[in-house]
Amino acid sequence: MEFKDDDMLTSVATARSLVSDTPHRTLPIVSRDTRSAPSDFIGLMGITLHYERGTEIVGEEDPADYIYQVIEGTVRTCKLLCDGRRQIGAFVMPGGYFGMEARGTHCFAAEAITDVTVHLISRSAAYAAAGREPEIARSLWEVTAQSLDASQRHALLLGRKTALEKIASFLSQMAERQGSDDEIELPMSRQDIADYLGLTIETVSRTMTQLEGAGTISLETSRHVLLKRPLELARLSHC
């Protein structure tokens with residue numbers, strides 16, 4: 001696919017303005033990489049930024065001017081409730097996207113769980129390109145549809161499943177996303193898992209221990225999990 005020079009300059013310039021136009025908040029950028037961006041970023045060029053673990057990439061109610069793709073690391077999207085409780089909406093891993101908002105500001109914040117590399121492009125540049133290129137329009141639709149599908153599955157997980165079914169579903173999803181059926185590495189903490197599943201950290205730990213006691217999983221460490229009986233996890237997750 002051909003790229004016009006003004007499109008690339010626009011996307012790079014608007015991405016750079018993320019740093020220059022936000023004096024109210026210091027962005028935790030380790031470095032900027034202006035080399036050629038990954039070609040699978042909805043077919044457009046942009047800019048690559050690096051964030052350290054534990055830092056905020058975007059905040060709630062920040063202008064939703066950019067679309068992000070995670071290249072390396074894991075990002076959590078989260079929202080603080082009025083009483084201080086936190087709800088995690090998604091864990092975004094390499095290849096995944098965030099920032100596809102229906103409104104002009106971000107509903108959820110996005111934070112780096114690990115050291116993270118993200119690729120971003122201005123939303124306005126992407127939409128303008130979609131008006132000219134059917135392939136880009138289709139890619140944007142696919143990203144949006146995948147996000148909607150994930151939100152629907154998460155709503156089911158939160159609303160209708162028991163703690164055991166929630167943990168089993170989460171572990172099965174992580175195995176699928178990591179392309180493994182015998183072991184997974186969890187980049188997120190137990191508290192992150194609890195806030196994603198709508199459970200307490202005590203319930204998460206107790207349920208993990210329950211699954212280990214039943215021989216379904218083996219906890220090598222708090223982050224490294226062996227799946228001893230993946231079919232049993234799948235059965236629980238589909239209850």
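One can find the structure itself at the top, above this paragraph.
Residues numbered from 1 in each chain as written. Predicted model: local features only at pLDDT ≥ 70, side-chain atom pairs only at ≥ 80, totals over all residues. Heavy atoms only, no water.

(A) Region of interest: the pattern of salt bridges. Per the stated rule, a full pass over the model turns up 10 salt bridges. Residue R86 is joined to D192 by a salt bridge in which the shortest nitrogen-to-oxygen separation is 2.8 Å. Taken as a pair, R86 in strand 6 (residues 86-92) and D192 in helix 5 (residues 190-197) lie far apart in primary sequence, 106 residues in all. Under the relative-accessibility criterion, R86 is labelled partly exposed at 22%. A single salt-bridge network, built from bridges that share partners, covers R76, R86, E111, D192 and D195. (Salt bridge = Lys/Arg side-chain N within 4 Å of Asp/Glu carboxyl O. Helix = DSSP H or I, 4+ residues; strand = E, 2+ residues; numbered from the N terminus. Buried < 20%, exposed > 50% of the residue type's maximum accessible area, 1.4 Å probe, protein only.)

(B) Local environment of the packing of helix 4 (residues 163-178) against helix 6 (residues 201-213). At a minimum axis distance of 10 Å, the contact between helix 4 and helix 6 shows a crossing angle of 75 degrees. Considered as vectors, helix 4 and helix 6 are oriented roughly perpendicular to each other. Contact with helix 4, carried on its side by A163, L164, I167 and L171, involves T203, V204, T207, M208, Q210 and L211 of helix 6 and no other residues of that element. Looking at side-chain class alone, the contact of helix 4 with helix 6 contains 7 nonpolar, 3 polar and no charged residues. (Axes fitted to C-alpha atoms, helices over the stretch in contact; angles between N-to-C directions. Parallel < 35°, antiparallel > 145°, perpendicular 65-115°, else oblique. Contact = heavy atoms within 4.5 Å. Nonpolar A, V, L, I, M, F, W, Y, C, P; charged D, E, K, R; others polar.)

Taken by themselves, the reported measurements are silent on function.
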